[in-house]
Amino acid sequence: MRETDPTWTLQKEIAKRNGQPIPETINDPEFQKDEAEAIAVGKRCQVYPGDRRGEVMYVGKVEGLPLGYWVGVKYDEPVGKNDGSVRGQRYFECDMKYGAFIRPSNVTVGDFPPEDDELLLGDGDEM
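Residues numbered from 1 in each chain as written. Predicted model: local features only at pLDDT ≥ 70, side-chain atom pairs only at ≥ 80, totals over all residues. Heavy atoms only, no water.

(A) Examining the overall build of the chain more closely. Across its full length, the chain holds three helices and seven strands. Counting from the amino terminus, the chain carries its helices and strands in the arrangement α-α-β-β-β-β-β-β-β-α. Relative to its full complement of 127 residues, the chain shows a buried share of 31%. Restricting to contacts in the chain with at least 6 residues of sequence separation, those with at least 24 account for 47%. Working note: accessible area of the chain is about 8700 Å², and carbon and sulfur atoms make up 50% of it. (Helix = DSSP H or I, 4+ residues; strand = E, 2+ residues; numbered from the N terminus. Buried < 20%, exposed > 50% of the residue type's maximum accessible area, 1.4 Å probe, protein only. Contact = heavy atoms within 4.5 Å. Areas by Shrake-Rupley, 256 points an atom, 1.4 Å probe, with all protein chains shown as cover.)

(B) How the structure looks around the sheet that holds strand β2 (residues 52–60). With antiparallel pairing, five strands are arranged side by side in an open sheet as β6-β3-β2-β1-β7. Looking at strand neighbours, the two that pair on one side only are β6 (99–102) and β7 (107–109), the edges of this open sheet. Averaged over all pairs of adjacent strands, the angle between strand axes in this sheet comes to 45 degrees, irrespective of strand direction. As defined by bridge partners, strand β1 (residues 44–47) adjoins β7 across three bridges and the pair is classed as antiparallel. Its bridge partner lying in β7, Val 47 is registered against Val 107. (Pairing = 2+ DSSP bridges. Axes fitted to C-alpha atoms, helices over the stretch in contact; angles between N-to-C directions.)

Take a look at the structure:
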């Protein structure tokens, strides 16, 4: 496939076979820079889709991922894809399956307490 289409990716192939729109290739190395500048390391966040919560651990470009800016998130639960590294390059520390790199537009920073904290409180309990 790559011989006939130099921009071929598995994601594009799956979309094509499922009759879904084919995602565009990002050619801008500054993609989502403005969104990334509004996100600070150390802040609590929620990630879309899935409403997964965690802490922002890294904001910037990531070698080995598509061009543009990324947010490294350490999740509260083991719902991630990595341990804070991509292809041997470490960007932040966390246990395996607790880390992920997300596009800034899919990260909301705010008052998102850890998932475990909410489980400890019942209705009417105060924190």
